[in-house]
Amino acid sequence: MSEGSKVYVEIVKELRSMIQEDGLKPGDKLPSERELTERLNVGRSSVREALRALELLGLIETRRGEGTFIRDFRGHQLVQLLSTFILQDERSKHDVRETKYLIEMDCLWLVMRKAEDAQLLELRKWVDSSAFADDDFFYKIVSLADNHLFIRMWLILKDYYNSLHLQGADATLEEYTNLIDALSTRKESEVRRVYRDLRKLSIQR
């Protein structure tokens, strides 16, 4: 996976660890960008981007010439807030799941339109010969879609999805192979039907 794929979640984990282990509280200063870069072993630009996102969410604040500080959440459990990017309510959980699935369906459509038969055959061989998790399979699907923005969005949503423990029933090996076979037919209705079966969506909508 790319260097930036999990940077948001890794920084949240790092902040949570510092809060718990060092007794940090709202108003305390966070490590510098350079220190976070070294701890997380990622690029400084990725750290800067992630900190900007955290600031937009209101979790931290930057004071010019002083550094970055934990914000005062007035009674909220800061550790819990950080651990899930304030996605605690049921509506937010539903939105994360729905958006992740929509991106996966759009990527399947792109794969159906853009992937060569040889690429689908290679994917089928990988499925037949590998032990893999659902995330591994769909990372390959999203990569085959060859849309950088979709890849970035899916990776972030996937990490949110996993942090909220939203995993549904496990798909079977047969369901994954059926999806690849459906992609090979280049029939959108068939791809959607098989995907909905895999995600157990047929009885929900």
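Quick caveat: nothing in here was measured; it's all calculated off a predicted structure. (Residues numbered from 1 in each chain as written. Predicted model: local features only at pLDDT ≥ 70, side-chain atom pairs only at ≥ 80, totals over all residues. Heavy atoms only, no water.)

A short note on the packing of helix H6 (residues 117-129) against helix H9 (residues 173-185)
Move 1: In the contact formed by H6 and H9, the axes pass within 10 Å of each other and the chain directions differ by 175 degrees. Between H6 and H9, the angle falls in the class roughly antiparallel. Taken together, the residues of H9 that come into contact with H6 (itself represented by Leu-120, Leu-123, Arg-124, Val-127 and Asp-128) are Leu-173, Tyr-176, Thr-177, Ile-180, Asp-181, Leu-183 and Ser-184.
Move 2: Across the contact of H6 with H9, the residue classes tally to seven nonpolar, two polar and three charged. (Axes fitted to C-alpha atoms, helices over the stretch in contact; angles between N-to-C directions. Helix = DSSP H or I, 4+ residues; strand = E, 2+ residues; numbered from the N terminus. Parallel < 35°, antiparallel > 145°, perpendicular 65-115°, else oblique. Contact = heavy atoms within 4.5 Å. Nonpolar A, V, L, I, M, F, W, Y, C, P; charged D, E, K, R; others polar.)

Observations concerning the confidence of the model for the chain
Move 1: In this model, the chain carries a mean pLDDT of 81, and residues with pLDDT of at least 70 account for 77%.
Move 2: Below a pLDDT of 50 lies the segment residues 1-5, which in the model reaches 13 contacts outside its immediate sequence neighbourhood of four places, other chains included.
Move 3: Under a pLDDT of 50 for its full length, residues 74-83 has, in the predicted model, 18 contacts with residues more than four places off or in other chains. (pLDDT = per-residue confidence, 0-100.)

Comments concerning helix H7 (residues 134-145)
Move 1: Taking 1.5 Å per residue as the helical rise, H7 with its twelve residues ought to reach 16 Å, and the 17 Å between its terminal C-alpha atoms agrees with that figure.
Move 2: All buried positions along H7 are accounted for by Asp-135, Phe-137, Phe-138, Ile-141, Val-142, Leu-144 and Ala-145.
Move 3: Just downstream of H7, Asp-146 is the residue with a positive phi angle, here 60 degrees. (Expected span 1.5 Å × (residues − 1). Buried < 20%, exposed > 50% of the residue type's maximum accessible area, 1.4 Å probe, protein only.)

Some details on the environment of Gln-119
Move 1: For Gln-119, the location among the structural elements is in helix H6.
Move 2: The sequence separation of Gln-119 and Leu-144 amounts to 25 residues, and the corresponding C-alpha distance is 8.2 Å.
Move 3: The contact partners of Gln-119, leaving out residues within four places of it in the chain, are Lys-114 and Leu-144.

Brief notes about unusual backbone geometry
Negative phi values dominate among residues other than glycine, just as trans dominates among peptide bonds.
Move 1: Positive phi outside glycine occurs at Asp-146, with the angle close to 60 degrees.
Move 2: Residue position: Asp-146 is located in the loop between H7 and helix H8 (148-163).
Move 3: At Arg-186, a residue that is not glycine, the phi angle is positive and equals roughly 65 degrees.
Move 4: Checked against the element boundaries, Arg-186 lands in the loop between H9 and helix H10 (188-198).

Section: the packing of aromatic side chains
One pair of aromatic rings is described through two measures. These are the centre distance and the angle between the planes.
Move 1: What the rule picks out here adds up to nine aromatic pairs.
Move 2: Judged by centre distance (5.2 Å) and plane angle (70 degrees), the ring pair of Phe-132 and Tyr-176 falls under edge-to-face. With Phe-132 in the loop between H6 and H7 and Tyr-176 in helix H9, the pair connects residues that are 44 residues apart, well separated along the chain.
Move 3: Three or more aromatic residues joined by ring pairs make a cluster, and in this case those are Tyr-101, Trp-126, Phe-132, Phe-137, Phe-138, Tyr-161, Tyr-176 and Tyr-195.
Move 4: Residue placement shows Arg-63 over the ring face of Phe-69; its charged tip is 3.9 Å from the ring centre.
Move 5: In this structure, Lys-100 is placed above the aromatic ring of Tyr-161, and the distance from its NZ or CZ to the ring centre is 4.6 Å. (Phe/Tyr/Trp six-rings, centres within 6.5 Å; stacked < 30°, edge-to-face > 60°. Lys NZ or Arg CZ within 6 Å of the ring centre and 35° of its normal.)

Remarks on the pairing of strand S2 (residues 67-70)
Move 1: Direction of pairing for strand S1 (residues 60-63) relative to S2: antiparallel, over a ladder of four bridges. Bridging from a neighbouring strand, Arg-63 pairs with Gly-67 of S2. (Pairing = 2+ DSSP bridges.)

Describing the pattern of salt bridges
Oppositely charged side chains may form a pair once their charged atoms are brought near each other.
Move 1: Scanning the entire structure with this criterion turns up 13 salt bridges.
Move 2: With a closest N to O distance of 3.4 Å, Arg-124 and Asp-128 form a salt bridge. Highlighted residues: Arg-124 and Asp-128, both in helix H6, separated by four residues, approximately one helical turn.
Move 3: One salt-bridge network, held together by shared partners, links Lys-100, Glu-104, Asp-134 and Arg-199. (Salt bridge = Lys/Arg side-chain N within 4 Å of Asp/Glu carboxyl O.)

Details of the nonpolar core
Move 1: In this structure, Val-111, Phe-137, Phe-138, Ile-141, Leu-179, Leu-183 and Tyr-195 are the most contacted members of the largest nonpolar core, which totals 39 residues.
Move 2: Elements that contribute at least two residues to this core include exactly helix H5 (90-114), H6, H7, H8, H9 and H10.
Move 3: No other element matches H5, which puts nine residues into this core.
Move 4: Aside from chain neighbours lying at most four places away, what touches Tyr-195 is Tyr-101, Glu-104, Met-105, Leu-108, Phe-138, Leu-179 and Leu-201. (Core = buried A, V, L, I, M, F, W, Y, C linked by side-chain atoms within 4.5 Å.)

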